[in-house]
Amino acid sequence: MTTTTLKLNLGPQHPSTHGVLRLLLELDGEKILSCEPDIGYLHRGMEKMAEKLSYIKYLPLVDRIDYLAGFFYSELLCRTVEKALNIELSDRVRAIRTMLLELNRISSHLLWIGAFLMDLGATSPFFYAFREREMILSYFEKLTGQRMMYNYFVFGGIRKDIEFLDDVQKIISILPEKLHDYERIITENPIFKRRCVNKGILEPEIGLNYSITGVNLRASGIDYDIRKNDYLYQGFDFAAVILQGKDSWSRYKARILEIKESIKIISQALDYLKKNEKLEQKHINPLNIRLPEGEYYQEIEAPRGLASCYIKSTGEDRPYRLKWRTGSYYSVNLLRKLLVGEYLNDAIAIAGSLDIILPEVDK
Amino acid sequence: MNFEEFFSIFEGCELKENKIIIQSKLYDVIDFVKNNYSFDILKEIIAVDNQSLGIELIYHLYSTIDEEDLFISFSTNNSEASSIVNIFKSAQADENEIYDLFGIKFIGNNELKRLYMPENWQGYPLRKDYVQDEMRQNWNDNDNT
């Protein structure tokens with residue numbers, strides 16, 4: 001009897017690819033022998049566009065790099081420009097930005113929980129997670145006028161002062177009990193555990209070698225959270241979530257715990273903002289932003305790992321070169337390693353557990 | 001971090017602001033700092049087209065033990081550089097992207113392919129001499145496959 005291997009195209013339209021990712025798998029029966037990711041279906045040329053547009057024209061575009069966590073990329077671009085122009089943010093602006101970033105992180109993690117459980121075949125958690133996410137998105141819509149592409153942060157501060165703080169108070173008072181519900185349904189669920197515990201083991205040294213950051217690395221036991229040294233988060237009391245499990249289940253658990261930490265940060269920011277100080281921010285003329293000649297680098301802890309922005313300026317009103325680093329881009333590369341030797345039905349669960357989002361990969 | 005040993009082994013390297021600028025031996029340098037200074041993660045490779053000065057590759061390393069960043073800069077004039085995939089597997093992603101957008105051939109990396117651009121696309125979009133000419137504007141996938 002002769003045996004041959006089977007080449008299987010997973011995607012680009014597969015529902016579990018969360019966008020358009022094509023995985024070229026080589027199978028021996030159900031076992032994966034090799035995996036070759038093929039990306040580029042969502043490429044928009046973000047870096048090329050930066051070289052053609054002035055900073056203020058480019059700012060509304062960057063939310064689209066990760067449309068589930070748009071605040072993070074506008075924050076990143078604003079921070080890089082502020083760093084170059086030596087602009088210090090006032091405490092109130094800092095608190096507002098931190099609060100919105102953490103709310104955005106929660107909404108992003110909630111979507112992930114829903115979509116991940118959907119990948120595993122459980123439909124109800126998807127609706128529960130979206131119900132809670134909806135509260136956050138409605139708040140963002142009320143505040144910024146947009147549900148996903150906010151364009152709310154501007155160079156030197158924010159577009160207008162924060163409003164509707166009661167809504168935020170309501171969100172963070174409801175969320176803990178909902179998280180408790182999720183944990184009751186999902187965390188110790190035997191079917192869920194059988195599909196996730198000891199599946200997709202990411203050894204810390206492999207994670208580092210493949211440049212994996214964020215929750216995925218912290219669930220493998222490495223204490224690396226940019227927020228600890230980020231001046232935006234100075235004065236906030238929170239802990240980085242470090243788990244030792246290395247598997248899909250730990251990555252799930254880490255995200256649940258991270259939502260709880262985010263709630264802590266938000267409630268501290270909220271207490272501060274309720275004191276109702278006057279908003280102080282430096283107004284800079286957006287039509288004439290010129291960064292001094294040089295190279296500027298800034299990084300931030302985005303929901304899907306370390307995100308960074310590099311700008312090289314020659315003193316003109318637009319960047320000479322702008323480069324984004326996104327977490328998902330490296331997670332896709334990790335699939336080459338992580339899926340080999342696994343079964344096809346586990347592949348979907350493992351790829352899902354890494355929280356890959358394709359607009360971030362393709363930029 | 002003390003780089004004295006580094007500068008005594010690799011001559012001709014200079015420290016400029018926070019970047020170490022090297023002229024040659026890219027592979028050896030990266031290998032050395034990984035093994036001797038515990039830089040265990042390659043965050044990214046940044047490519048910049050400096051026109052007459054060649055294309056600059058900035059290797060951004062980080063040590064999770066010492067919590068320190070390191071930038072190593074290497075400029076190439078002939079669109080070639082040695083691949084470091086054997087040291088950091090994440091470099092596969094970076095090198096492929098730079099090959100696609102800047103046209104740098106990484107010697108030793110056999111898996112380079114077009115990533116975002118069509119397979120038979122001419123030119124490298126992030127180079128400064130790239131122009132959006134008529135041929136590129138009227139590009140049609142169906143005519144060119």
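Going by the structure above, here's the rest.
Residues numbered from 1 in each chain as written. Chains lettered and ligands numbered in written order. Predicted model: local features only at pLDDT ≥ 70, side-chain atom pairs only at ≥ 80, totals over all residues.

Enquirer: I'd love a proper account of the interface of chain A and chain B, names of residues and values included.
Expert: Taken together, the 21 residues of chain A in the interface contact 17 residues of chain B. Those elements that place two or more of their residues in the side of chain A that touches chain B are α1 (46–52), α8 (204–209), β7 (305–313), β8 (321–325) and α11 (327–338) of chain A. (Contact = placed C-beta atoms within 7 Å. Helix = DSSP H or I, 4+ residues; strand = E, 2+ residues; numbered from the N terminus.)

Enquirer: Let's hear about the sheet that holds strand β2 (residues 22–28) of chain A: which residues, and what values?
Expert: Two strands in a sheet stick together by hydrogen bonds in their backbones, pointing the same way (parallel) or opposite ways (antiparallel). All names here are of chain A. Taken in spatial order, the three strands make up an open sheet running β1-β2-β3, and their pairing is antiparallel. Both edges of this open sheet fall to β1 (6–10) and β3 (31–38), since each of them pairs with a single strand only. On average, adjacent strands in this sheet sit at an angle of 25° to one another, irrespective of strand direction. Sheet analysis places β2 next to β3, joined by seven bridges and oriented antiparallel. Opposite L24, over in β3, you have E36 as the bridge partner. (Pairing = 2+ DSSP bridges. Axes fitted to C-alpha atoms, helices over the stretch in contact; angles between N-to-C directions.)

Enquirer: Got a sec to walk through helix α4 (residues 91–119) of chain A? Specific residues and values, please.
Expert: Given 3.6 residues per helical turn, the α-helix brings residues three or four places apart onto the same face. Residue and element names in this part refer to chain A. Counted at 1.5 Å a residue, the expected span for α4 with its 29 residues is 42 Å, and the 42 Å between its end C-alpha atoms agrees. Most of α4 is tucked away, with 27 of its 29 residues classed as buried. At the exit of α4 stands G121, carrying a positive phi of roughly 100°. (Expected span 1.5 Å × (residues − 1). Buried ≥ 20, exposed ≤ 12 C-beta atoms within 10 Å, placed from the backbone.)

Enquirer: So what's going on with the packing of α4(A) against helix α5 (residues 124–144) of chain A? Which residues, and what values?
Expert: Residues and elements named next belong to chain A. Remark: α4 packs on α5, axes separated minimally by 8 Å, with the N-to-C direction vectors making an angle of 165°. Taken together, the axes of α4 and α5 lie roughly antiparallel to each other. Where α4 crosses over α5, the two elements pack in a sense that is left-handed. Contacts from L103, I106, S107, L110, L111, I113, G114, A115, L117 and M118 in α4 reach P125, F126, A129, F130, E132, R133, I136 and L137 in α5. A per-class count over the contact of α4 with α5 returns 14 nonpolar, two polar and two charged. (Parallel < 35°, antiparallel > 145°, perpendicular 65-115°, else oblique. Left-handed = near helix turned anticlockwise from the far one by under 90°. Nonpolar A, V, L, I, M, F, W, Y, C, P; charged D, E, K, R; others polar.)

Enquirer: I'd like to hear about the sheet that holds strand β1 (residues 14–16) of chain B, residue by residue, with values.
Expert: Residue and element names in this part refer to chain B. Read from one edge to the other, the open sheet built from five strands follows the order β1-β2-β5-β4-β3, with strand pairing classed as mixed. Because the sheet does not close on itself, it has two edges, and the strands there are β1 and β3 (41–49). Taking each pair of neighbouring strands and ignoring which way they run, the sheet shows an average axis angle of 25°. Strand direction decides the pairing type here: β1 and strand β2 (residues 19–22), joined by three bridges, are antiparallel. Paired with E14 across the strands is I21, a residue of β2. Contacts from helix α2 (residues 26–36) reach β2, β4 (55–63) and β5 (68–76) within the one sheet, and its direction differs from that of β5 by about 175°. Across the face of the sheet, helix α3 (residues 91–102) comes into contact with β3 and β4 while running at roughly 10° to β3.

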